[in-house]
Amino acid sequence: QVQLVESGGGLVQAGGSLRLSCTVSGRYTMGWFRQAPGKEREFVASFSLSSGNTYYTDSVKGRFTISRDNAKNTVYLQMNSLKPEDTAVYYCAARRKIGTYYDPRSYEYWGQGTQVTVSS
């Protein structure tokens, strides 16, 4: 059973920063998704296991950074210059199978989610 354990969410003012962490045993292509109330889950960022490439949705480019520490089996999402529209539950996800980095259906394993709230 693959378990993803997330941490780091919270309440922050607009313009502030948060860092989310996701610990998983084993090596996977990792992604971060988010879901705001009444909206579908959307792609935020991904780190490819095979290529080492990173991908971001346009709305977070230049503000968010995905990275991984293999020694700690942890993937991070550093979020800077946060905006109220970034408010959502953030999920980390992992996959080994071939798929589309931005499609949540490509990911086999999911964390429990962590709430990020950005006040204006």
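In this report, we go over the structure that sits alongside the text. (Residues numbered from 1 in each chain as written. Predicted model: local features only at pLDDT ≥ 70, side-chain atom pairs only at ≥ 80, totals over all residues. Heavy atoms only, no water.)

### Here's the deal with the sheet that holds strand β1 (residues 4-7)
Paired through backbone hydrogen bonds, the strands of a sheet run either parallel or antiparallel to each other.
Part 1: Spatially, the 4 strands line up as an open sheet ordered β1-β3-β8-β7, and their pairing is antiparallel. Single-partner strands in this sheet number two, and they are β1 and β7 (64-69). Each adjacent strand pair in this sheet contributes to an overall mean axis angle of 15°, direction not counted.
Part 2: Across 4 bridges, the pairing between β1 and strand β3 (residues 18-24) is antiparallel. (Pairing = 2+ DSSP bridges. Helix = DSSP H or I, 4+ residues; strand = E, 2+ residues; numbered from the N terminus. Axes fitted to C-alpha atoms, helices over the stretch in contact; angles between N-to-C directions.)

### Here we look at the state of the cysteines
Cysteine pairs can be linked by a disulfide, which is a covalent bond between their two sulfur atoms.
Part 1: This structure, assessed with the given rule, holds 1 disulfide.
Part 2: The partner cysteine of C22 in its disulfide is C92, sulfur to sulfur 2.0 Å. Around the S-S axis, the bridge from C22 to C92 shows a dihedral of about 55° and counts as right-handed. Note that C22 is positioned in strand β3 and C92 in strand β9 (residues 88-95), a separation of 70 residues in sequence. (Disulfide = S-S within 2.5 Å.)

### Quick notes on the pattern of salt bridges
Part 1: Counted under the stated rule, the structure contains 5 salt bridges.
Part 2: Note that R63 is salt-bridged to D86, the shortest N-O span being 2.8 Å. Note that R63 is positioned in the loop between β6 (54-56) and β7 and D86 in the loop between β8 (74-79) and β9, a separation of 23 residues in sequence.
Part 3: Look at D86 and you get buried, because its relative accessible area is 1%.
Part 4: Salt bridges linked by common partners bring R34, E42, R63 and D86 together as one network. (Salt bridge = Lys/Arg side-chain N within 4 Å of Asp/Glu carboxyl O. Buried < 20%, exposed > 50% of the residue type's maximum accessible area, 1.4 Å probe, protein only.)

### Thoughts on the packing of aromatic side chains
Part 1: Under the counting rule described, the total for this entry stands at 9 aromatic pairs.
Part 2: Judged by centre distance (5.2 Å) and plane angle (55°), the rings of F33 and W110 are tilted. Separated by 77 residues along the polypeptide, F33 in strand β4 (residues 29-35) and W110 in strand β10 (residues 109-110) bring together distant segments of the chain.
Part 3: With centroids separated by 5.1 Å and ring planes inclined at 90°, the aromatic side chains of Y101 and Y102 adopt a geometry described as edge-to-face.
Part 4: Since its relative accessible area comes to 48%, Y102 is described here as partly exposed.
Part 5: Through successive ring pairs, a cluster of aromatic residues spans F33, F43, Y55, Y91, Y101, Y102, Y107 and W110. (Phe/Tyr/Trp six-rings, centres within 6.5 Å; stacked < 30°, edge-to-face > 60°.)

### Quick look at the nonpolar core
Part 1: Of all hydrophobic cores here, the largest spans 28 residues; its most connected members are W32, L77, M79 and Y90.
Part 2: In contact with L77, not counting residues within four places along its chain, are L18, R19, L20, W32, V44, A45, F64, T65, I66 and Y90. (Core = buried A, V, L, I, M, F, W, Y, C linked by side-chain atoms within 4.5 Å. Contact = heavy atoms within 4.5 Å.)

In short, shape yes, function no, at least from these values alone.
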